[in-house]
Amino acid sequence: MPPASSALVAPRTLLPLPLLIGLFLVLWSSAFAGAKLALADCPPLVLLTARLVLAGAIMLIIAPVWDSGHRLRRRDVWALIFIGILNNSIYLGLNWTALTFTSSAYTAVLTSSLPLIVALGAGPLLAERMTPRKWLGIALGIVGVVIVLRSRLAGAHETLAGTLLIAGGVLSLSAGTLAFKYFRPHGGVWTGNAIQCLAGGVVLIPFALATENPADIHLTANLIGGLAFLVVAVSIGGYGLWFYLLTRSSATAASSLHFLMPPLGLFFGWLLLGEQVPLLDIAGIVPIALGIWLVTRPARGTA
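Residues numbered from 1 in each chain as written. Predicted model: local features only at pLDDT ≥ 70, side-chain atom pairs only at ≥ 80, totals over all residues. Heavy atoms only, no water.

**A closer look at the overall build of the chain**
When you go through the chain residue by residue, the secondary structure sums to twelve helices and zero strands. Along the chain, from the amino end to the carboxyl end, the secondary structure elements read α-α-α-α-α-α-α-α-α-α-α-α. With 303 residues in all, the chain has 52% of them scored as buried. Partitioning the intrachain contacts of the chain with sequence separation of at least 6 by distance along the chain shows that 92% fall at a separation of at least 24. (Helix = DSSP H or I, 4+ residues; strand = E, 2+ residues; numbered from the N terminus. Buried < 20%, exposed > 50% of the residue type's maximum accessible area, 1.4 Å probe, protein only. Contact = heavy atoms within 4.5 Å.)

Here it is, written out as structure tokens:
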């Protein structure tokens, strides 16, 4: 059972919750397309390290204003470092490496299976009860993922190597989501997010230096604009909103937002990158979205 202590404290906001949810959905689902634009001019781990270190430093500067009065224990710091390695170093490291030779839409659709994996782990780790409806939702989600995999792999649109990298990233993000709810670290959202970004960036530095060549960096408008978008809008805005929403609901309920990620991921891939959308993809995201809705739908009488 997770400890009964309080989790990260979210800052007050003047914006209504539905608007925050909508903003989170746009930022999160467009991040894959934004990253792919920037990756054309910079190796993935170098770009990711720069993004995480810059975002972490900015949030450390603003954290005293928004998180004043919230203290972190040593246990909380170690928990946030561990979660940051899962969510940033491993999840994003694998996904961004995959994005160099896979489409952003494919990455977004597979990553949207996050709630299905979280639901499987939330039972034993967080004592969230599994019901027949949730098992049905997981089954539907698996069917949808299989349809998309068959569409992309059989048509030679994507590779098995890229698929395995994305799958490893999704497993790591699921573990990070469960760990956040299990350890329930104290403190403020901005401080917690800063620690996670800096931990993820520092861990990636030796891997980036050992495997990538800085000479492959080209200072173009796409790279500068893409990096700025990823730092400010995604790392600070998107992840800040994600952990804010996690403080307001259960791990499974918060993950329910991802049922809109498949169509939004396809949309931004088409809009920003001109990626084609096979009809079989659309057939696959329907059971995925329905499955996630069933898995994360609150029980009757539950707020």
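After presenting the structure, the write-up continues.
**Points about a nonpolar patch on the surface**
Together, Phe-267, Trp-270, Leu-271 and Leu-272 make up an exposed nonpolar region whose accessible area comes to about 420 Å². On the secondary structure map, Phe-267 appears in helix α11 (residues 261-273). (Patch = residues over 30% accessible without salt bridge, like charges linked within 9 Å, V, L, I, M, F, W, Y side chains within 5 Å. Areas by Shrake-Rupley, 256 points an atom, 1.4 Å probe, with all protein chains shown as cover. Salt bridge = Lys/Arg side-chain N within 4 Å of Asp/Glu carboxyl O.)

**Re the packing of helix α5 (residues 114-126) against helix α7 (residues 160-183)**
Running from amino to carboxyl end, α5 crosses α7 at an angle of 40 degrees, the nearest separation of the two axes being 9 Å. With respect to α7, the axis of α5 lies oblique. Two packed elements cross with a definite hand, and for α5 against α7 that hand is right-handed. Here α5 contributes Leu-114, Ile-117, Val-118, Gly-121, Ala-122, Leu-125 and Leu-126 to the contact with α7, which in turn contributes Val-170, Leu-171, Leu-173, Ser-174, Thr-177, Leu-178, Lys-181 and Tyr-182. (Axes fitted to C-alpha atoms, helices over the stretch in contact; angles between N-to-C directions. Parallel < 35°, antiparallel > 145°, perpendicular 65-115°, else oblique. Left-handed = near helix turned anticlockwise from the far one by under 90°.)

**Looking at the environment of Tyr-91**
Relative to the helices and strands, Tyr-91 resides in helix α3 (residues 74-99). Its relative accessible area of 2% is what places Tyr-91 among the buried residues.

**Some words on the environment of Asn-222**
Looking at the element boundaries, Asn-222 is found in helix α9 (residues 221-248). The residues touching Asn-222, leaving out its near neighbours within four places in the chain, are Leu-37, Ala-38 and Asp-41.

**Description of helix α6 (residues 132-154)**
The terminal C-alpha atoms of α6, which comprises 23 residues, lie 32 Å apart, in line with the 33 Å expected from a rise of 1.5 Å per residue. Those residues of α6 that sit buried are Lys-134, Gly-137, Ile-138, Gly-141, Gly-144, Val-145, Val-148, Ser-151 and Arg-152. (Expected span 1.5 Å × (residues − 1).)

**Details of the side chain of Ser-235**
Among the secondary structure elements, Ser-235 is positioned in helix α9. On the accessibility criterion, Ser-235 (1% relative accessible area) is buried. Look past the residues within four positions of Ser-235 in its chain and what remains in contact with it is Arg-51, Ala-55, Met-59, Asn-193, Leu-230 and Gly-240.

**Remarks on the nonpolar core**
Inside soluble globular proteins, nonpolar side chains tend to come together where they are buried. Counting 46 residues, the largest nonpolar core has Phe-24, Trp-28, Leu-47, Met-59, Tyr-91, Leu-92 and Trp-96 as its most contacted members. Every element with two or more residues in this core is listed here: α1 (17-39), α2 (44-66), α3, α5, α7, α8 (189-211) and α9. By residue number, the principal contributor to this core is α9, which donates twelve residues. Membership of the second largest hydrophobic core comes to 17 residues, among which are Ala-98, Val-109, Ala-119 and Val-145. (Core = buried A, V, L, I, M, F, W, Y, C linked by side-chain atoms within 4.5 Å.)

**Overview of the confidence of the model for the chain**
Looking at the chain as a whole, its pLDDT mean stands at 81, while 84% of the residues score no less than 70. Here helix α10 (residues 251-255) is the element of the chain with the lowest mean pLDDT, 57, and α3 is the one with the highest, 94. A low-confidence stretch, residues 1-6 (pLDDT under 50), is modelled with 17 contacts involving residues beyond four sequence positions or located in other chains. (pLDDT = per-residue confidence, 0-100.)

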